[in-house]
Amino acid sequence: NILNEEFSKEDKRMTIENQMQRIRMYMCPYVVVKTESLGRGIVYVSSTSSLTQWVCRDAVNHQGKGLDRSFKLEFFTLDDWDAFVADNFELAAPRKHIKTMIDSYDIEKQFVLVLLFACGHYAGAIFPLVPDAGICKRLGDMYEFAQMDSPLQLNVDTADD
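Residues numbered from 1 in each chain as written. Predicted model: local features only at pLDDT ≥ 70, side-chain atom pairs only at ≥ 80, totals over all residues. Heavy atoms only, no water.

**Overview of the overall build of the protein chain**
When helices and strands are counted, the protein chain shows six helices and five strands. Going residue by residue from the N terminus, the α and β elements of the protein chain occur as α-β-α-β-α-α-α-β-β-α-β. In summary, the protein chain has a C-alpha radius of gyration of 16 Å against a globular reference of 15 Å for 161 residues, a match within 12%. Each of the three principal axes of the protein chain carries a C-alpha extent, and together these read 45 × 40 × 25 Å. Of the contacts made within the protein chain by residues no fewer than 6 positions apart, 70% connect residues no fewer than 24 positions apart. Side chains of the protein chain give 17 positive and 24 negative charges; the mean places of these two sets differ by 4 Å. (Helix = DSSP H or I, 4+ residues; strand = E, 2+ residues; numbered from the N terminus. Rg over C-alpha atoms; globule rule 2.2 N^0.38 Å. Contact = heavy atoms within 4.5 Å. Lys, Arg positive; Asp, Glu negative; His and termini not counted. Charge placed at Lys NZ, Arg CZ, Asp CG, Glu CD.)

The following block contains the structure:
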C-alpha cells in the first residue's frame, strides 16, 4: 500500500494539491458562481477513488491497469452543510473549523474546500482562486454553472472521442 508510513503527510498534501490543480479551471468558476448566488460556503469535493489511486498522474495505476477517476463537486452554505452532514459524525466533527474558514476567507481570492476520498481520507483547507475572481465569473457564466442544481461531475481520466 502506497499510503503506509512511507507516504508522508507532505506526500498526501502534494497529491491533493496536484489533483486540485488539474480541475481548478472548472472548480474555481463553479465556486465563484455558486458563491455569488448562494453566499459564502464551501465546495465539497468527493471521489469514488481512494487517495492511493490519485497518486498516479496518468490514467493507469502502478500495475499498468487503467483508472477511471472522477470528482463530484457540490456547493454548500454552512446551514446546507449542517443538514448534509447531520447523520455523518466524521464529516460533522470539524464544523467549528469549517465555520472559521467560511468566515475568514477572502471571497475575491480564495474559497473553502472540503475533500473526501473513497478510502476515508478527509481534508479541508482554504485554496486560492485560480484564475482570479473576474475571469472565474466569466468562465462560470460560459459554463452555465448558475443554472446547475445538481453536483458538478468532473471525469479526470475520460478522454473525449
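**Let's talk about the environment of serine 104**
Structurally, serine 104 can be placed in helix H5 (residues 95–104). When the C-alpha atoms of serine 104 and isoleucine 126 are compared, they prove to be 9.3 Å apart, with 22 residues separating the residues in sequence.

**Topic: the packing of aromatic side chains**
Following the criterion strictly, the structure yields 12 aromatic pairs and no others. Considering the side-chain rings of tyrosine 30 and phenylalanine 145, the 5.5 Å spacing of their centres and the 85 degrees angle between planes classify their relative orientation as edge-to-face. Taken together, the positions of tyrosine 30 in helix H1 (residues 9–38) and phenylalanine 145 in the loop between helix H6 (133–143) and strand S5 (152–155) put the pair 115 residues apart, joining distant regions of the chain. The exposure class assigned to tyrosine 30 is buried, which follows from its relative accessible area of 2%. A ring pair is formed by phenylalanine 76 and tryptophan 81, whose centres lie 5.5 Å apart and whose planes are at 70 degrees; its orientation type is edge-to-face. Neither residue differs from the other here; phenylalanine 76 and tryptophan 81 are each classed as buried. Every member of this aromatic cluster is reached through a ring pair, and the members are Tyr26, Tyr30, Tyr143 and Phe145. Residue placement shows arginine 40 over the ring face of tyrosine 105; its charged tip is 4.5 Å from the ring centre. (Phe/Tyr/Trp six-rings, centres within 6.5 Å; stacked < 30°, edge-to-face > 60°. Buried < 20%, exposed > 50% of the residue type's maximum accessible area, 1.4 Å probe, protein only. Lys NZ or Arg CZ within 6 Å of the ring centre and 35° of its normal.)

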